[in-house]
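Overview (structure and organization)
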Amino acid sequence: MKPMTLTKLFFPAVAALTLTVAGCSKPGEAPATSAATPEAAAPAALSASSYDTVTKTGKGFTVGSMMSAQPVYVLFEPQCPHCGHLWQASMPLQDKVKFVWIPVAFNDGKNLAQAVTLMSSSTPLETMTEHEKSLLTGNGGITAMGGITAEQQQAIKTNSQLLTTLGQDSVPFILAKNRTTGEIVSHSGAMETADLAKLIGVN
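This write-up is about the structure you can find in this document. Everything quoted here is computed from the prediction, not taken from an experiment.

Analysis parameters
- Residues numbered from 1 in each chain as written.
- Predicted model: local features only at pLDDT ≥ 70, side-chain atom pairs only at ≥ 80, totals over all residues.
- Heavy atoms only, no water.
- Helix = DSSP H or I, 4+ residues; strand = E, 2+ residues; numbered from the N terminus.
- Contact = heavy atoms within 4.5 Å.
- Polar contact = N/O pair within 3.5 Å; in protein donor to acceptor, adjacent residues only side chain to side chain.
- Phe/Tyr/Trp six-rings, centres within 6.5 Å; stacked < 30°, edge-to-face > 60°.
- Buried < 20%, exposed > 50% of the residue type's maximum accessible area, 1.4 Å probe, protein only.

Examining the environment of Met145
If you trace the backbone, Met145 turns up in the loop between helix H4 (124–136) and helix H5 (150–165). Once you skip the residues sitting within four places of it in the chain, Met145 turns out to touch Ala113, Val116, Thr117, Ser120 and Gln152.

Comments concerning the side chain of His131
Secondary-structure assignment places His131 in helix H4. A polar side-chain atom of His131 sits 2.8 Å from the main-chain carbonyl oxygen of Pro78. Beyond its immediate stretch of four places on either side in the chain, His131 contacts Pro78, Gln79, Gln114, Leu118, Gly141 and Ile142.

Things to note about the packing of aromatic side chains
By the definition in use, this model includes 5 aromatic pairs. Both rings, one in Tyr51 and one in Tyr73, keep their centres 5.3 Å apart while their planes meet at 70 degrees; by these two values the pair is edge-to-face. Residue Tyr51 is located in helix H1 (residues 48–57), and its partner Tyr73 is located in strand E3 (residues 72–76); the two are separated by 22 residues in the primary sequence. Of the residues examined, Tyr73 reaches a relative accessible area of 6% and is grouped as buried. Each ring, one from Phe61 and one from Trp87, has its centre 6.5 Å from the other, and the planes form 65 degrees; the classification is edge-to-face. In this pair, Phe61 sits in strand E2 (residues 61–64) while Trp87 sits in helix H2 (residues 81–90), placing the two residues 26 residues apart along the sequence. Residue Phe61 is classed as buried on the basis of its relative accessible area of 4%. Within the aromatic cluster, the residues linked to one another by ring pairs are Phe61, Phe76, Trp87 and Trp101.

Printed below as a string of structure tokens:
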């Protein structure tokens, strides 16, 4: 799947998306197709320092196995349908894996407000599930909270800058330590559950 780009975006209504449309393209460009498989998308070469930077800098919400010592970080954008597909793919692994979902925003309107709402939710599993279900059925996601503070806005901007610091311009972006090998692994774009489990070394 071609991931969502960090520049100004265009994509057809989410309800019209199918698995044959692999990504969200810039205006004027044809959408990518499913020719690109998870195996064909080579993971970026990132170091342990990159993982530590995300650990220290990224601000998001945690779901899954809270006792896991090695979180899997996912940078995502609230209006990205491919992030929604990755959320669904991660659900069967949440009894084994601690996921930290770090929201970024590609504009200061609805996207920013939804990012803050998701980051600030006291029930992140339920809120994110509701949001992605709404997004993937073409209803635009959850209603965002009002009254965003300067601190909350800065947290999302810092997350967005973090994506750039990692040398990425698209989401979803996964960064983790493989449980089997201990190596830093990453992937740009949505994945199926089995491929995600293989990437992070979960049986």
